[in-house]
Amino acid sequence: MVVAFFGHKDTPSTVKPLLEQTVQRLIEENEEITFLVGTHGAFDLTVQNVLEQAYKKCPQITCHIVLSYIPVDKNSEQCALPTLVPEGIENVPKRFAISFSNNYMVNECDTIVCYITHDWGGAAQFVEKAMKKGSVIINLAEIYKL
């Protein structure tokens, strides 16, 4: 199973406990699981933190931070999780790089864990694409009314 994460850049930190529970449940329910997360906004940073903690407890899981830009200095990465650069991104104009990496995650995943409170913006756009593809959508904003 492959799980990707999408959320608004201003996602509140109060969603972290539910995110932790959701990640733990997915790990317990799936013998093999891979997590993909981006690098932009509060939701992605919270997910990275949750996945780092989960990986320490469950090293059998696979986690990747999907980069939108090829790093110049690989030593500058702050997260302990491995990074992944989608094939072909080097040919994409910089202004389309985030969309390219988000499309990569949508195409690779079976399940989306998201925090979507409105139907506009990039996160909502890619969750809608995943929904049309038939991915399972777990919207933490619907579960956790803030």
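Let me sum up the structure you'll find in this document.

What counts and how
- Residues numbered from 1 in each chain as written.
- Predicted model: local features only at pLDDT ≥ 70, side-chain atom pairs only at ≥ 80, totals over all residues.
- Heavy atoms only, no water.
- Axes fitted to C-alpha atoms, helices over the stretch in contact; angles between N-to-C directions.
- Helix = DSSP H or I, 4+ residues; strand = E, 2+ residues; numbered from the N terminus.
- Parallel < 35°, antiparallel > 145°, perpendicular 65-115°, else oblique.
- Left-handed = near helix turned anticlockwise from the far one by under 90°.
- Contact = heavy atoms within 4.5 Å.
- Nonpolar A, V, L, I, M, F, W, Y, C, P; charged D, E, K, R; others polar.
- Buried < 20%, exposed > 50% of the residue type's maximum accessible area, 1.4 Å probe, protein only.
- Pairing = 2+ DSSP bridges.
- Phe/Tyr/Trp six-rings, centres within 6.5 Å; stacked < 30°, edge-to-face > 60°.
- Lys NZ or Arg CZ within 6 Å of the ring centre and 35° of its normal.
- Right-handed = clockwise from strand over helix to strand, strands pointing away.

**Points about the packing of helix α3 (residues 97–108) against helix α4 (residues 122–133)**
Reasoning step 1: Where α3 contacts α4, the two axes come as close as 10 Å, and the packing angle between them is 30°. Overall, the two elements α3 and α4 adopt an arrangement that is roughly parallel. Crossing of α3 against α4: the hand is right-handed. Taking contact as the criterion, the partners of S99, N102, N103, V106, N107 and E108 in α3 are, on α4, F126, K129, A130 and K133.
Reasoning step 2: Of the residues assigned to the contact of α3 with α4, the class counts are 3 nonpolar, 4 polar and 3 charged.

**Observations regarding the environment of V106**
Reasoning step 1: In this fold, V106 is placed in helix α3.
Reasoning step 2: For the pair V106 and K129, spaced 23 residues apart in the sequence, the C-alpha separation amounts to 7.2 Å.
Reasoning step 3: Apart from the residues lying within four places of it in its own chain, the contact partners of V106 are F6, F126, K129, A130 and K133.

**Comments concerning the pairing of strand β1 (residues 2–7)**
Reasoning step 1: For β1, a buried count of 6 out of 6 residues is recorded, marking the element as mostly surrounded by other parts of the structure.
Reasoning step 2: Side-chain alternation along β1 places V2, A4 and F6 on one buried face and V3, F5 and G7 on a second face that is also buried.
Reasoning step 3: Note: β1 against strand β2 (residues 34–37), 3 bridges, orientation parallel. In the sheet register, V2 faces β2, and the bridge partner there is T34.
Reasoning step 4: Bridging between β1 and strand β5 (residues 111–115) involves 5 bridges; their strand directions are parallel. Within β5, the position partnered with V3 by the bridge is T111.

**Some thoughts on the packing of aromatic side chains**
Reasoning step 1: For the structure shown, the criterion picks out 2 aromatic pairs.
Reasoning step 2: Centroid distance F5 to F35: 5.9 Å. Interplanar angle 35°. Geometry classified as tilted. Remark: F35 occurs in strand β2 and F5 occurs in strand β1; sequence separation between them is 30 residues.
Reasoning step 3: When the ring of F6 is compared with that of F126, the centres are 6.0 Å apart and the planes differ by 15°; the resulting orientation is stacked. With F6 in strand β1 and F126 in helix α4, this pair connects stretches of sequence that are 120 residues apart. Of the two residues, F6 and F126, neither departs from the other in class, the shared state being buried.
Reasoning step 4: K94 extends its terminal NZ or CZ atom over the ring of Y69, reaching a point 5.6 Å from the ring centre.

**Remarks on the pairing of β5**
Reasoning step 1: Most of β5 is tucked away: 5 of the 5 residues are buried.
Reasoning step 2: Pairing analysis gives 4 bridges linking β5 to strand β6 (residues 136–139), with the strands arranged parallel. Looking at β6, one finds that C114 is bridged to N139.
Reasoning step 3: The parallel pair β5 and β6 is bridged by α4, and the resulting crossover is right-handed.

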